[in-house]
Number of protein chains: 2
Amino acid sequence: MPKPWEQLDSEWLFEGGFFRIEQARLRSPRNGFEHPFMRFHFGDWCQVIALTPQEEIVLIRQWRPASDALEVEIPGGLIDPGEDPAEAARRELAEETGYTGGEIIRIGTTRPNPALLTNRMHAFLMRDVERTGAQQLDAAEDIEVFTAPYADIPRMLRAGEIQHALVISAFALYQGHIEG
Amino acid sequence: MPKPWEQLDSEWLFEGGFFRIEQARLRSPRNGFEHPFMRFHFGDWCQVIALTPQEEIVLIRQWRPASDALEVEIPGGLIDPGEDPAEAARRELAEETGYTGGEIIRIGTTRPNPALLTNRMHAFLMRDVERTGAQQLDAAEDIEVFTAPYADIPRMLRAGEIQHALVISAFALYQGHIEG
């Protein structure tokens, strides 16, 4: 089985406000090869599959600057420092959509990109949600809320209507959850 | 429906060799709010679900510097400039595992993170693969190859044995593909 690389040294390359880039010099245990690796340090993220009693999923549509496209996603975002991931998911759902619910269940914790990013993604399921309030958007957000039958998700994936890979990963976790 | 933001200006903040960071000043069409957004420019990536005639999936295990952990993944990597995504997936499979196969089918194209990253992930399915050669690892790689029944994937997700979200997204695309 592969072994961890030995870290020889490390320096901060870039400070971006909400992230930092570290460069570490590492030595391979396989061949002694020394290689620089960059690590992008981000805070942890959360996302939530929110289902109504009719098995409709709460979806959001927003323009994303890096893809320069409207993206269909599930609610989620950055977990505040010290915030419980489940509470963060509940907060993001309420702020972005106005939906609230009862029990929240963790369906998985993943790594958005373990080769590059240091952070984790905590994925949750919330059933029996209902719209109980208004969105609370900050000035830099412009989010449309809609629902769709959860059974439509495979068709939406095939059609490319949902293209955010982290959102798509949550569907696989949900599938694993309900089969478990 | 939300509208694209208007871009007011843009500058390069950081050049990292295999990526570049751009900062753009954008204006919200909802409220006129001006906000800086960073875009991480990466080349496109590919990954492949490779299945043997016995419905075993070809998996790899490697230590990843950002998570500082051994990660179970499917083969994949960076598409070379000008390279066809399907050929890149075929190349990565052969280099990382020694497995080759016949027909390769695109099961989806996603965005690894449309809020931050400009690039795409092209996901493929290759059936009836077999081990026909040796791995061709570069000095900075140390990859163990193994197979597991594809039917075990939901259990592996529940157990947290696979935590790479982009890999997990490919399983959802495959599910959508076989249900289509």
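The rules we used
- Residues numbered from 1 in each chain as written.
- Chains lettered and ligands numbered in written order.
- Predicted model: local features only at pLDDT ≥ 70, side-chain atom pairs only at ≥ 80, totals over all residues.
- Heavy atoms only, no water.
- Helix = DSSP H or I, 4+ residues; strand = E, 2+ residues; numbered from the N terminus.
- Buried < 20%, exposed > 50% of the residue type's maximum accessible area, 1.4 Å probe, protein only.
- Contact = heavy atoms within 4.5 Å.
- Areas by Shrake-Rupley, 256 points an atom, 1.4 Å probe, with all protein chains shown as cover.
- Pairing = 2+ DSSP bridges.
- Domains from an automatic or database assignment.
- Buried area = accessible area lost by both parts, 1.4 Å probe.
- Salt bridge = Lys/Arg side-chain N within 4 Å of Asp/Glu carboxyl O.
- Axes fitted to C-alpha atoms, helices over the stretch in contact; angles between N-to-C directions.

Chemist: Break down the overall build of chain A for me, citing the residues and quoting the values.
Modeler: In terms of regular secondary structure, chain A is built from three helices and twelve strands. Its C-alpha atoms put chain A at 55 × 40 × 35 Å along the principal axes. A buried classification covers 54% of the 180 residues belonging to chain A. A fraction of 57% describes how many contacts in chain A between residues 6 or more apart in sequence connect residues 24 or more apart. For chain A, the exposed surface amounts to about 7,600 Å²; the carbon and sulfur share of it is 47%.

Chemist: Talk me through the pairing of strand β5 (residues 56-64) of chain A; I want residue IDs and the actual numbers.
Modeler: Residue and element names in this part refer to chain A. Most of β5 sits inside the fold, with eight of its nine residues counted as buried. Sheet analysis places β5 next to strand β12 (residues 144-149), joined by six bridges and oriented antiparallel. Across the sheet, the residue bridging to I60 is V145, located in β12. Where β5 lies against strand β6 (residues 69-73), five bridges are found, and the strand directions are antiparallel. Across the sheet, the residue bridging to R61 is V72, located in β6. What sits between β5 and β6 in their antiparallel hairpin is a turn of four residues, with D68 showing a positive phi close to 55°.

Chemist: So what's going on with the domain arrangement of chain A? Residues and values would help.
Modeler: Often, the extent of an interface is quoted as the loss of accessible area upon association of its parts. Residues and elements named next belong to chain A. Annotation of chain A at the domain level lists domain 1 (6-41) and domain 2 (43-179). Here the C-alpha centre of domain 2 lies 31 Å away from the C-alpha centre of domain 1. Counting residues at the interface gives four residues for domain 1 and four residues for domain 2. Taking both partners together, domain 1 and domain 2 bury about 380 Å²; carbon and sulfur atoms supply 54% of that area. Its largest share of buried area at the contact with domain 2, domain 1 owes to M38, F40 and H41, together 81% of the area lost on that side. Here domain 1 and domain 2 share zero salt bridges between them.

Chemist: Could you give an account of the sheet that holds strand β4 (residues 45-50) of chain A, naming the residues involved and the relevant values?
Modeler: To summarise the sheet geometry, strands pair through backbone hydrogen bonds and adopt either a parallel or an antiparallel arrangement. All names here are of chain A. The four strands lie next to each other as β7-β4-β10-β9, forming an open sheet whose pairing is mixed. Unpaired on one side and paired on the other, β7 (76-78) and β9 (104-110) mark the two borders of the sheet. Each adjacent strand pair in this sheet contributes to an overall mean axis angle of 20°, direction not counted. Sheet topology places β4 next to β7; three bridges connect them, and they run antiparallel. Within the sheet, the bridge partner assigned to W45 lies in β7 and is L78. Strands in contact with helix α1 (residues 85-97) are β4, β7, β9 and β10 (121-126); relative to β4, the strand with the most contacts, it is inclined by about 65°.

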